[in-house]
Amino acid sequence: MKPRGIFITFEGMDGSGKTTQMHRLAERLRSMGRTILETAEPGGPPIAQKIRRILLDSANQELSPATEILLYFASRAQNVDQWIGPALARGEIVLSDRFTDSSLVYQGVGRGLGIDAVGELERIACRGLKPDLTILVDVDAEASLARAWARNEAQPHCETRMDDQAIEFHRKVYQAYHALAAAEPERVKLVNGRAAMDAIEREVWSIVSAHV
Ligand code: TMP
């Protein structure tokens, strides 16, 4: 796959505010006349959204770690084939709320499945497609869970299986995100998720404007 557009991903803990920041960036780029595809993982095309429901349904507590990682990559493969790849081939800017880095930190490290397993599945599902730029909206595990639970209480829904994991799991994920940012400083840019929304938006733009 030889992408021609620009592929930007947003990563971070649940409740980090990355989704809001991604929508704000999309609006800014659209107002500049750019064509934007917004997607989110797990999810995107309808088939991937069905996989999302299985993954996040709080009723599915028995989902095994192997099933979990395969389903995240199944959703990703569908998103890459049906939405992301074609949009990049058309020269568009693709913004994705999470991508393979999430599998690396949540399944590879959090679940202990290892980075080799993630690499093998990435080869099959993404066939070399990596983000050009990744914005990592940084909030720690405690703040993340407090925000996620507050949101779940305010708008009750059943997509809480990952939020229900123990705090130790979320701490491992947080550390893995920081290790990733340290390992790939050119691609993965950390922004302070505890700042005010407008300040975060300015920081995101100062990074992205150099790439678009
Ligand atoms: P979100 O839509 O609120 O970001 O929730 C998606 C959840 O799924 C979140 O807890 C992170 C988790 N996740 C993984 O564990 N692995 C993955 O590969 C992806 C994309 C998400």
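Here the structure is shown first, and the text comes after it.
Below, the structure is looked at part by part. All of these numbers come straight from a predicted model, not from anything done at the bench.

Calculation criteria
- Residues numbered from 1 in each chain as written.
- Predicted model: local features only at pLDDT ≥ 70, side-chain atom pairs only at ≥ 80, totals over all residues.
- Heavy atoms only, no water.
- Helix = DSSP H or I, 4+ residues; strand = E, 2+ residues; numbered from the N terminus.
- Contact = heavy atoms within 4.5 Å.
- Near = heavy atom within 4 Å.
- Polar contact = N/O pair within 3.5 Å; in protein donor to acceptor, adjacent residues only side chain to side chain.
- 1 Å grid on protein atoms, 1.4 Å probe; cavity = no way out; pocket = protein on both sides within 12 Å on 5 of 7 lines; lining within 4 Å.
- Sits in = over half its atoms within 2 Å of the grid points.
- Phe/Tyr/Trp six-rings, centres within 6.5 Å; stacked < 30°, edge-to-face > 60°.
- Buried < 20%, exposed > 50% of the residue type's maximum accessible area, 1.4 Å probe, protein only.
- Lys NZ or Arg CZ within 6 Å of the ring centre and 35° of its normal.
- Pairing = 2+ DSSP bridges.

### Observations concerning the environment of L37
In step 1: Within the secondary structure, L37 sits in strand β2 (residues 36–40).
In step 2: When sequence neighbours within four positions are dropped, the list of residues in contact with L37 reads W83, I84, A87, E92, I93, V94 and L95.

### Comments concerning the site of the ligand
In step 1: Around the ligand sit 14 residues, and of these D14, Y72, R98, S103 and Q107 come closest.
In step 2: One nitrogen or oxygen atom from the side chain of D14 is found 2.9 Å from an oxygen atom belonging to the ligand.
In step 3: At a separation of 2.9 Å, an oxygen atom of the ligand approaches a polar side-chain atom of R52.
In step 4: Placement of the ligand is best described as lying within the largest pocket.
In step 5: Mapped onto the shell around the ligand, the elements with two or more residues apiece are α2 (46–56), α3 (65–89) and α4 (100–110).
In step 6: In terms of residue count, the dominant contributor to the shell around the ligand is α4 (4 residues).

### Looking at the packing of aromatic side chains
In step 1: Taken as a whole and judged by the stated rule, the model has 3 aromatic pairs.
In step 2: Ring plane angle 85° and centroid distance 4.9 Å describe the contact between F7 and F99, whose orientation is recorded as edge-to-face. Remark: F99 occurs in the loop between β3 (93–97) and α4 and F7 occurs in strand β1 (residues 6–12); sequence separation between them is 92 residues.
In step 3: Residue class for F99 comes out buried when judged on its relative accessible area of 1%.
In step 4: Seen in terms of ring centroids, Y106 and F169 are 6.1 Å apart; in terms of plane orientation they differ by 50°. Their pairing is tilted. Of this pair, Y106 sits in helix α4 while F169 is found in helix α7 (residues 167–183), placing the two residues 63 residues apart along the sequence. Comparing Y106 with F169, the two get one shared label, buried.
In step 5: Three or more aromatic residues joined by ring pairs form one cluster here, namely Y106, F169 and Y177.
In step 6: Here the basic side chain of R76 rests over the ring of F73, its NZ or CZ set 4.6 Å away from the ring centre.

### Thoughts on α4
In step 1: Burial within α4 is extensive, with 9 of its 11 residues counted as buried.
In step 2: On the buried face of α4, the contacting elements are β1, α3, α5 (115–126), β4 (133–138) and α7.
In step 3: G112 sits one or two residues past α4 and shows a positive phi near 75°.

### Describing unusual backbone geometry
In step 1: Going from E41 to P42, the amide bond is cis rather than trans, its omega being -5°.
In step 2: Turning to its location among the elements, P42 is positioned in the loop between β2 and α2.
In step 3: A positive phi angle is found at R98, which is not glycine, with a value near 80°.
In step 4: Counting through the fold element by element, R98 comes out in the loop between β3 and α4.
In step 5: One non-glycine residue with positive phi stands out, namely R127, at about 45°.
In step 6: As for its position among the elements, R127 is in the loop between α5 and β4.

### Some details on the pairing of β1
As a general feature of sheets, a regular strand has side chains that alternate between the two faces.
In step 1: Counted residue by residue, β1 has 7 buried out of 7 residues, so it is predominantly covered.
In step 2: Across the two faces of β1 the burial is the same, with I6, I8, F10 and G12 and F7, T9 and E11 all buried.
In step 3: As judged from the 5 bridges shared by β1 and β3, these two strands associate in the parallel manner. Pairing of I6 across the sheet is with I93, part of β3.
In step 4: As defined by bridge partners, β1 adjoins β4 across 5 bridges and the pair is classed as parallel. The partner of I8 across the bridge, within β4, is L133.

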